[in-house]
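If you want the building blocks of each chain, they are given just below.
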Amino acid sequence: MRETTSSHVFRWVTVAVLTVFTVVPLWVMVTSSMKPLSEVQASFTWWPQNITFQPFIDMWSTVPLASYFVNSLIVSSAATLISLVIAVFAAYAVSRYRFKGRNVFTTTVLSTQMFPGVLFLLPLFLIFVNINQATGIQLVGTRWGLIITYFTFVLPFSIWMLAGYFDGIPRDLDEAAKVDGSGPMGALWHVVLPAARPGLIAVAIYSFMTSWGEVLFASVMTTDENRTLAVGLQLYSTQTNVYWNQIMAASLVVSIPIVVAFLLLQRNFVAGLTAGAVK
Amino acid sequence: MRKRAIAVAAIAAAVSLVVAGCSSSGSGGSSSGATITYWASNQGTSLANDKEVLTPVLNDFTKQTGIKVKLEVIGWNDLQTRIQTAVTSGQGPDVLNIGNTWAASLQATGAFLPFDDANMKAIGGSDKFVKTALETGGVKGKPVTSVPLYGLAYGLYYNKKMYADAGVQPPTTWEELVAAAKKLTTGSQYGFSLAAGSYTENVHFAFINSAQNGGEWFDSKGNPTFDTQPNIDGIKRYLDLMQTDKVVNTSNAQYDNGVQAVNDFATGKVAMILSQNNADSSIVANGMKNDQYGVVPFPAPDGGEKVASHVAGINLSVFKNTKQKDAALKFVKYMTSEDTQTTLGKPYSTLPVLNDAKPNFTDNAEEAATFQKIYNDMSKPLPLVPAEDQFENTVGKAMNDMFAKIATGSTVSDADIKTALKNAQDQVKQSLGG
Amino acid sequence: MSTTTDVRGPAQTVPVPAAPPAPKRRRPKGWWLPFVLLAPAIIFELLIHVVPMLTGIWISFLQLTKFYIANWGEAPFVGLKNYAVALDFSGSTGAALLSSFFVTVGFTILVVGLSWVFGMAAAVALQGRFRGRAFFRTLFLVPYALPLYAGIITWKFMFQKDTGAINNFFFDTLGFSGDKPFWLIGNNAFWAIVIVAIWRLWPFAFLMLMAGLQSIPAEVYEASAVDGAKPFRQWHAITLPMLRPVNSVLLLVMFLWTFNDFNTPYVLFGSTAQPASGDLISFHIYNASFLTWNFGSGAAMSVLLLIFLLIVTGIYLLAVNRRNRNA
C-alpha cells in the first residue's frame, strides 16, 4: 500500500489518541496495584508515594486467586474449543448452502442476542436442575454446566461472523478443491479454514474473552470449588473493606498470559492469505 | 405443515420440562452421620477469613453431634441471586444465612421452614432470643421462618479529640447533633459522613428518622403509606444535613457503601459517622485506636420517640424441602447457643441475639454497653411485610436521587419529597397487584 | 441471503450412465449435509437459548412474584396485565421504563458509532507494515483482555469527584476553574457510562475489522494507487465495500450488545445506586424486577425489548439486503 504523507499523519494521530485513551486507565491500574491500601483510598496521585508489592502477595490469600484462575482457564478454553468446532460447521452450512429453513435458523439465532441475559438465568437454571433429576447428570455446581452455557452463548455471534468471513472467500476455491477430488468436508478443511484463519482467530478470541469475563451465570452456576475469576474478583470487596490495590494487582497478573497470547497470535493476522490462491 | 406442528409440540414439551421440576418435596431423616449444606454470608474481612472463623466452630459441631457440615461462603453481591435460584428450583442448601431485613419477603415464597412450636422447641425455645430480634424473623402473627443469628445496630460514632477541641458534648437530641456538627465543620473537615449514594443505608435512615416521628410505612393491612407527614419530615431533616446544614460533604452523594464513610472517619476527615457496630474493625484497620472514638445512640428530636436504629443483623433459615430436617434444626440450635454466639461475636463484630448475653465484639466496655442498649431497647424492626424489599428499593433509590440533586446544586423541598414518596408508593402498589 | 432453492420431490436417481448434474427437481446428493452440520448448533441453541427465552415469554403472562416463585404452576395467569403496566407511560413504572429506553437509545448510538469509528481508524492505521505495529495491535487489545470488572472498577476510581484521576487531571494539573463535577451521579453519569463502554467496545471492533482487512489482497490497493487513488478514496472505494459482509454483522451485533449492556452500569454504579441518566434498559429491568422478585413484570419488559430489537434488526437487514442486491 502506498504510504502518503496524509496516511502517515493519519496513522500517527490515530495511534497517539487511541494510545492515550487506552493507556491512562491502565496506568491507574498499575500504579494503584503498587500502593498500600490507605494510599489507594486517599486522594489520587499519578505516582505512588510508597511503592509496595504487598498487594501482589496478599491477593493470593484474600481470595483463592490461583484456583479461580485455573477454573476460568479451563472453562474458557473448553468453551472456546467446542464453540469453534460447532460454529465452523454451522457457518460453513450457512455460507455455502441454500437450504430450507436457513432464514429461520439465522433469524432465531440472531434473536437470542436481543433478550437481556438476566432473563435467561432462572429458566436455564431450572433446565439444568431438571436434567439432573431426570438423568442424574450434574450440571449446576460443575464446570460443565458453565462450559455448555458459555459455548452456546457465543455460538450465535461466532456463526454469524464466521459465515461472513467464509462468504468473503470465493467459492471458486471450494470448487477447485472439489475438482481435485475432496468432498465438501475436504474443501472446508483444506481450503476454507486456512483462508479464514484471521477470522477464526478473531472469533476464538471473542469466545474466550466472553467466557472469561462473564459474571452473572458464573455466580449462580458455580460453587466454591469451581468458581471463576470474574466472580472471584468481586470478592475483594468485602464486608469490611474494598481492597482496591489487590483487585488491580490481581487483574494485571491474570491478564498477563492473555496479553502474551495476543502477542503470539499477531502473526496470524497476516495479509493476503487468499491473494494469489485463485490462479 | 406437519413439521411445524411437531416443532411446536416439541417446544411446548421442552418448556413444560422447565416448569416440571419447580415444586418440591421434603422428608425427614435420621441425623447422626448425615451431612448438611450451609450457606454462610460474608461477615468477616474476606471470604477466606469467614472460612477460617467458621471451620473450627463447625468441626466442634461435628464432634458433638456426628453431623458433618458442608460450608459455602457467599459474597453479598451474589447471595440474593443464589437464594432466588434455590427457591425457584427447589435445590438449595439445608441451612443458610439471610439478611434479616429479607425475612418477611423470603417467608412469602413459602420455601422456608416455619419455626412452629415443635421446631422452635427443637432449637431451644423462643424465649432465649432478644424480643425485637426475634420479631424480625417473619411477618407478625405467623410462625417466623428465620431466627436471629448475629445482631447489628447503628450507633453514632464520634471523634473524641475533635469533640474536645471544639468544646462539644456528645449529643442527646437531634438539635444538639446538628449544632455539634456545624461547629465541627470547618476548613476541609466536615461534621458528618454519610453513605448518601447507597439506597440501603438511605432507606434505613428514612425509616429510623420517621420512626422517631412516630411514622409508619405500611398500615395494618399491608398497604403502603409512604407519603405521610412523619415520613416526609423524617427524610427532610436527614437530607438537610447536606442541603441546609451543610455538615456533609456533597461528595458523599457518590458513596455507594458504608465502608467509604467509615474510611473518612478513620482518616480524620469527618467528626461523626452513623454506622453499624461492625465498623470497629475497619476503623481500627485504618489506624484509629479504640479509645480515640466514642459511640452514642443516634438521637431523636426533642420529644420524639427514642428509636436509634433499626434491628439489623443476620438471621438463620432452614429450607423447607431439606432432607435433613432434624440435623438442620440441631445445627440452628448450635449456632444460636450461648457458646457459639460468644465465639463468633468477636471476629464478626456482632451483638448477641440472646437475652442476658454480654457483647464481646469490642474490649471497650462503654461502647459495648451502649450498643447493647441500642439493640435491645432502642431499635425497631423494618416493616415486617412481604413488600419490604420493594419498600427498600423504591424509597431508597428515591433518596439516592434526592441526594444527587442536592449535591449537583438543586434543592429538594417537602413537596418534592412527597411526590417522590407517592411515586414509590405507586410502584409498590402496582407490584402487589393493586 | 436472498432466496432459498426449493427442493421438493422424491429422492430418486435417474439411471443415466454419464451422470450430468442433477436437475433442480431432485434433492441433490448430500442434501442432508447442511442439516448435519447444523445439528449440534441447533440442539444447544434450543436447550440453552430458545427454551429459556420461550419460558421467559410465558412468564410474562403470569404474575410471577415471590409468592409463586417456588411453584410456577400456581402463578395466576394475568394475560397482558404486565405489558399494560409497563406501557402505561403515565404510571411510574411505565414512565421509568420509557426514560430508560431513551437513555439506552442515546447511549447505543454514541457508543456503537464512536467505537466503530475508532476500530476502523485503528484497523486502517495499523494495516500497513511498520515498526511497532505488533506492539500497538496488542496494546489496543489490552482493555479487551482485562477482566471486565477490573476495567470498569478502574474507571469508577477515576471518576470519583474529589479523589479521582479525571477531575484531578483537569482541575489540579491543568488548572481548570470552578467546581469539580460529579461523574457518577446526576446527568454526567450518562457520559461516564458512554466513555467506559467505548473504552471496552472499540478494541473488539478493531479486532474484527483487523481480521476482515486481512482478506483484502494488497495488490488491489497497489493497483488503485497506480491509478492515482488517494488513501481516503482507497478506503471508500475498496476497504469499505470489501468489508461489507464483516461490517454488516459487526454493526448489528455491536448495536444489540450495547443496547443490552448490563455489566457496565452494574459495575460502575454498583448494586446500590441507579442514577437516572445511567439507567440502561437491561439494568433497569434487573432493578425493577429481579431485585423485587417481580419476574412477570421483568419478563414482560424483556419481551417488549425483544420486539423492539426485532423490528430494528428487521429493518436493518432489509436495508442491507437491498444494498447487496443492488451492489
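Because the structure is predicted, anything quoted here is derived from the model rather than measured. (Residues numbered from 1 in each chain as written. Chains lettered and ligands numbered in written order. Predicted model: local features only at pLDDT ≥ 70, side-chain atom pairs only at ≥ 80, totals over all residues. Heavy atoms only, no water.)

The helix and strand tally for chain C stands at 13 helices and zero strands. Scanning chain C from its N terminus toward the C terminus, one meets helices and strands in the order α-α-α-α-α-α-α-α-α-α-α-α-α. Against the globule reference of 20 Å for 327 residues, chain C gives a C-alpha radius of gyration of 26 Å, more extended than a compact globule. Once the C-alpha set of chain C is aligned to its principal axes, its extents read approximately 85 × 65 × 30 Å. (Helix = DSSP H or I, 4+ residues; strand = E, 2+ residues; numbered from the N terminus. Rg over C-alpha atoms; globule rule 2.2 N^0.38 Å.)

Moving on: the interface of chain B and chain A. The interface of chain B with chain A comprises 34 residues on the first partner and 28 residues on the second. Surface buried jointly by chain B and chain A totals about 2,700 Å² across both partners, of which 53% is contributed by carbon and sulfur atoms. Along the contact surface separating chain B from chain A lie two salt bridges. Residue A:Asp224 is joined to B:Lys51 by a salt bridge in which the shortest nitrogen-to-oxygen separation is 2.3 Å. Our count for the chain B to chain A interface comes out at three residue pairs in polar contact (both at pLDDT 80 or more). Elements with a contribution of two residues or more to the side of chain B that touches chain A: helix 1 (2-20), helix 2 (47-65), strand 2 (68-74), helix 3 (76-89), helix 11 (258-266) and helix 12 (279-285) of chain B. Top element by residues in the side of chain B that touches chain A is helix 3 of chain B. It accounts for nine residues. Partitioned by chemical class, the residues of the side of chain B that touches chain A number ten nonpolar, 20 polar and four charged. (Contact = heavy atoms within 4.5 Å. Buried area = accessible area lost by both parts, 1.4 Å probe. Salt bridge = Lys/Arg side-chain N within 4 Å of Asp/Glu carboxyl O. Polar contact = N/O pair within 3.5 Å; in protein donor to acceptor, adjacent residues only side chain to side chain. Nonpolar A, V, L, I, M, F, W, Y, C, P; charged D, E, K, R; others polar.)

We now examine the packing of aromatic side chains. Residue and element names in this part refer to chain A. Within the structure shown, the criterion is met by 67 aromatic pairs over all chains. Plain terms: the ring middles of Phe 153 and Phe 217 are 5.0 Å apart, the flat faces sit at 85° to each other, and that makes the pair edge-to-face. Placement of the pair is Phe 153 in helix 7 (residues 143-167) and Phe 217 in helix 11 (residues 216-221), with a sequence separation of 64 residues. Exposure class is identical for Phe 153 and Phe 217. Each is buried. (Phe/Tyr/Trp six-rings, centres within 6.5 Å; stacked < 30°, edge-to-face > 60°. Buried < 20%, exposed > 50% of the residue type's maximum accessible area, 1.4 Å probe, protein only.)

Scored by pLDDT, chain A comes out at a mean of 83, with 94% of its residues at no less than 70. Across residues 270-279 of chain A the pLDDT falls below 50, and counting only partners more than four positions away or on other chains, this stretch makes 14 contacts in the model. (pLDDT = per-residue confidence, 0-100.)

Glancing now at the side chain of B:Thr336. With respect to the element layout, B:Thr336 can be found in the loop between helix 13 (325-335) and helix 14 (338-348). When sequence neighbours within four positions are dropped, the list of residues in contact with B:Thr336 reads B:Ile123, B:Lys128, B:Phe129, B:Val147, B:Pro148, B:Leu149, B:Gln341 and B:Leu354.

A word on the pairing of strand 8 (residues 293-296) of chain B. Walk down a regular strand and you will see the side chains alternate between the two sheet faces. All names here are of chain B. What you see with strand 8 is no split at all: Tyr 293 and Val 295 on one side and Gly 294 and Val 296 on the other are buried throughout. Relative to strand 8, strand 5 (residues 154-159) is paired through four bridges, and the arrangement is antiparallel. Looking at strand 8, one finds that Tyr 157 is bridged to Val 295. (Pairing = 2+ DSSP bridges.)

To continue, consider the interface of chain A and chain C. Across the contact, 105 residues belong to chain A and 108 residues belong to chain C. Across the interface of chain A and chain C, roughly 9,600 Å² is buried in total on both sides, 79% from carbon and sulfur atoms. At the surface where chain A touches chain C, the tally comes to zero salt bridges. Summed over the shared surface of chain A and chain C, the number is seven residue pairs in polar contact (both at pLDDT 80 or more). For the side of chain A that touches chain C, a count of residues per class yields 74 nonpolar, 25 polar and six charged.

Below, the discussion takes up the sheet that holds strand 6 (residues 190-193) of chain B. What links the strands of a sheet is backbone hydrogen bonding, and the strands pair in either a parallel or an antiparallel sense. Residue and element names in this part refer to chain B. If you trace the four strands from one edge of the open sheet to the other, you get 6-7-5-8, paired in mixed fashion. Only two strands of the sheet have a single neighbouring strand rather than two, namely strand 6 and strand 8. Ignoring which end each strand starts from, the neighbouring axes of this sheet average 25° apart. The strands touched by helix 11 within the sheet are strand 5, strand 6, strand 7 (270-276) and strand 8, with strand 7 carrying the most contacts at an inclination of about 145°. Sheet contacts for helix 15 (residues 365-377): strand 5, strand 7 and strand 8; angle to strand 5, the most-contacted strand, approximately 150°. (Axes fitted to C-alpha atoms, helices over the stretch in contact; angles between N-to-C directions.)

All names here are of chain B. Read from one edge of the open sheet, five strands run 2-1-3-10-4, paired in mixed fashion. Each of the sheet's edge strands pairs with one partner strand only, and the pair in question is strand 2 and strand 4 (146-152). This sheet shows a mean twist of 25° between the axes of neighbouring strands, independent of strand direction. Here two bridges tie strand 1 (residues 35-41) to strand 3 (residues 95-99), and the two strands are oriented parallel to one another. Residue pairing across strands places Tyr 38 opposite Val 95, the latter belonging to strand 3. Together, strand 1, strand 2, strand 3, strand 4 and strand 10 (312-318) form the strand contacts of helix 13, whose direction differs from that of strand 1 by roughly 45°.

Let's shift gears to the nonpolar core. Among the nonpolar cores identified, the biggest contains 344 residues, and B:Tyr38 and B:Met335 are the most heavily contacted of them. The biggest single contributor to this core is helix 7 (residues 188-213) of chain C, with 20 residues. With residues near it in sequence (within four places) discarded, B:Tyr38 still touches B:Leu54, B:Val69, B:Lys70, B:Leu71, B:Glu72, B:Val95, B:Leu96, B:Asn97, B:Leu149, B:Leu316, B:Phe331 and B:Met335. (Core = buried A, V, L, I, M, F, W, Y, C linked by side-chain atoms within 4.5 Å.)

Turning to a nonpolar patch on the surface, a few remarks are in order. Together, A:Val23, A:Trp27, A:Trp47, A:Ile51 and A:Phe53 give the surface a local cluster of nonpolar side chains, amounting to about 510 Å² of exposed area. Structurally, A:Trp27 can be placed in helix 1 (residues 5-33). (Patch = residues over 30% accessible without salt bridge, like charges linked within 9 Å, V, L, I, M, F, W, Y side chains within 5 Å. Areas by Shrake-Rupley, 256 points an atom, 1.4 Å probe, with all protein chains shown as cover.)

Further remarks concern empty space enclosed by the protein. Scanning the model with the defined rule gives seven cavities of 30 Å³ or more in all. Of the voids in this model, the largest cavity is the one considered here, and its volume is about 1,000 Å³. Taken together, 36 residues line the largest cavity, and the ones lying closest to its centre are A:Thr210, C:Leu148, C:Trp257, C:Asp261 and C:Asn263. Counting residues per element, the ones that place at least two in the lining of the largest cavity are helix 10 (197-213) and helix 11 of chain A together with helix 5 (148-158), helix 7, helix 10 (244-259) and helix 11 (263-269) of chain C. When residues in the lining of the largest cavity are grouped by element, the largest group, five residues, is from helix 10 of chain A. Classifying every residue of the lining of the largest cavity by side-chain character gives 22 nonpolar, eleven polar and three charged. The calculated volume of the second largest cavity comes to roughly 100 Å³. Around the second largest cavity, the lining residues are A:Val215, A:Leu216, A:Ser219, A:Gln234, B:Asn77, B:Asp78, B:Thr81, C:Phe262, C:Asn263, C:Tyr266 and C:Tyr286. Contributing elements (two or more residues each) for the lining of the second largest cavity: helix 11 of chain A, helix 3 of chain B together with helix 11 of chain C. At three residues, the largest contribution of residues to the lining of the second largest cavity is made by helix 3 of chain B. Residues belonging to the lining of the second largest cavity are distributed by class as follows: five nonpolar, five polar and one charged. (1 Å grid on protein atoms, 1.4 Å probe; cavity = no way out; pocket = protein on both sides within 12 Å on 5 of 7 lines; lining within 4 Å. Points joined across faces, edges and corners; volume = space filled by probe spheres on them.)

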